[in-house]
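# Analysis of the macromolecular model
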Amino acid sequence: MLAACEAFAGGTLPKSIATTIPGQINPEIRRMARLFRELQQKRHAADYNLAARFTRTEVLSALAFTQTNIASFESCPDPLGRKFFLSCLLTW
């Protein structure tokens, strides 16, 4: 998933995949790819870094931020691009 997100966020899709997308990657999809990468890093810190501490306020803020961005992604004007991005996350 990380490799897929980095490719989408940076606009560096492999040629075999890039040829299936007409035009540029939608900016909203690129933004979600960056967000996914950031949230995955935070989750890894929470799960595996025993020295990491999070306040209730920080966690609630992160949840609200995530929910807002998911809602924004769901309303992306490129539904095919959105589905393609999600399928790449699962099959990369």
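Report on the accompanying structure. (Residues numbered from 1 in each chain as written. Predicted model: local features only at pLDDT ≥ 70, side-chain atom pairs only at ≥ 80, totals over all residues. Heavy atoms only, no water.)

## As for the side chain of R82
Convention followed: Secondary structure elements are defined from DSSP: runs of H or I of at least 4 residues count as helices, runs of E of at least 2 residues count as strands, and each element is numbered from the N terminus. Pairs of N or O atoms are called polar contacts if they sit within 3.5 Å, as long as, within protein, a hydrogen donor faces a hydrogen acceptor (for residues adjacent in sequence, only side-chain-to-side-chain pairs). Here, residues are in contact when the closest pair of their heavy atoms is within 4.5 Å.
Structurally, the position occupied by R82 is in helix α5 (residues 79–91). Polar side-chain contacts of R82 include one of 3.0 Å to the backbone oxygen of E74. Residue contacts for R82: discarding those within four places in its chain leaves I29, F73, E74, S75 and C76.

## So, the layout of surface pockets
Rule in force here: Using a grid of 1 Å spacing that covers the protein atoms alone, one calls a set of points a cavity when a 1.4 Å probe fits there but cannot get out, and a pocket when the set is open and has protein on both sides within 12 Å along at least five of seven lines; lining residues are those with an atom within 4 Å of a point. Grid points are joined across faces, edges and corners, and a volume is the space filled by probe spheres set on the points. Under the grouping applied here, Gly and all other residues not named as nonpolar or charged are polar, the nonpolar ones being Ala, Val, Leu, Ile, Met, Phe, Trp, Tyr, Cys and Pro and the charged ones Asp, Glu, Lys and Arg.
Taken as a whole, the largest pocket holds about 280 Å³ of empty space. Lining the largest pocket are L39, K42, R43, A46, F54, E58, V59, A62, L63 and T66. Taken together, the elements giving at least two residues each to the lining of the largest pocket come down to α3 (27–48) and α4 (56–74). A per-element tally of the lining of the largest pocket places α4 first, with 5 residues. Here the lining of the largest pocket is composed, by residue class, of 6 nonpolar, 1 polar and 3 charged. Taken as a whole, the second largest pocket spans an internal volume of roughly 220 Å³.

## A short note on the side chain of N26
Structurally, N26 is set in the loop between α2 (15–18) and α3. Separated by 2.7 Å, the side chain of N26 and the backbone nitrogen of E28 make a polar contact. Discounting residues that sit within four places of it in the chain, N26 has contacts with C76, P77 and D78.

## Topic: the pattern of salt bridges
Let me state the cut-off plainly: A carboxyl oxygen of Asp or Glu within 4 Å of a side-chain nitrogen of Lys or Arg is what we treat as a salt bridge. Exposed residues in this analysis have more than 50% of their type's maximum accessible area, buried residues have under 20%, and partly exposed residues fall in between, with area computed by a 1.4 Å probe over protein chains only.
Within this structure, the stated rule accounts for 2 salt bridges. In this structure, R31 engages E28 in a salt bridge whose closest nitrogen and oxygen atoms are separated by 2.5 Å. Taken together, the residues R31 and E28, both in helix α3 and 3 residues apart, mark about one turn of the helix. Given the relative accessible area of 26%, R31 is considered partly exposed. A relative accessible area of 16% places E28 in the buried class. The closest approach of N and O atoms between D47 and R43, which form a salt bridge, is 3.2 Å. Highlighted residues: D47 and R43, both in helix α3, separated by 4 residues, approximately one helical turn. The exposure class assigned to D47 is partly exposed, which follows from its relative accessible area of 44%.

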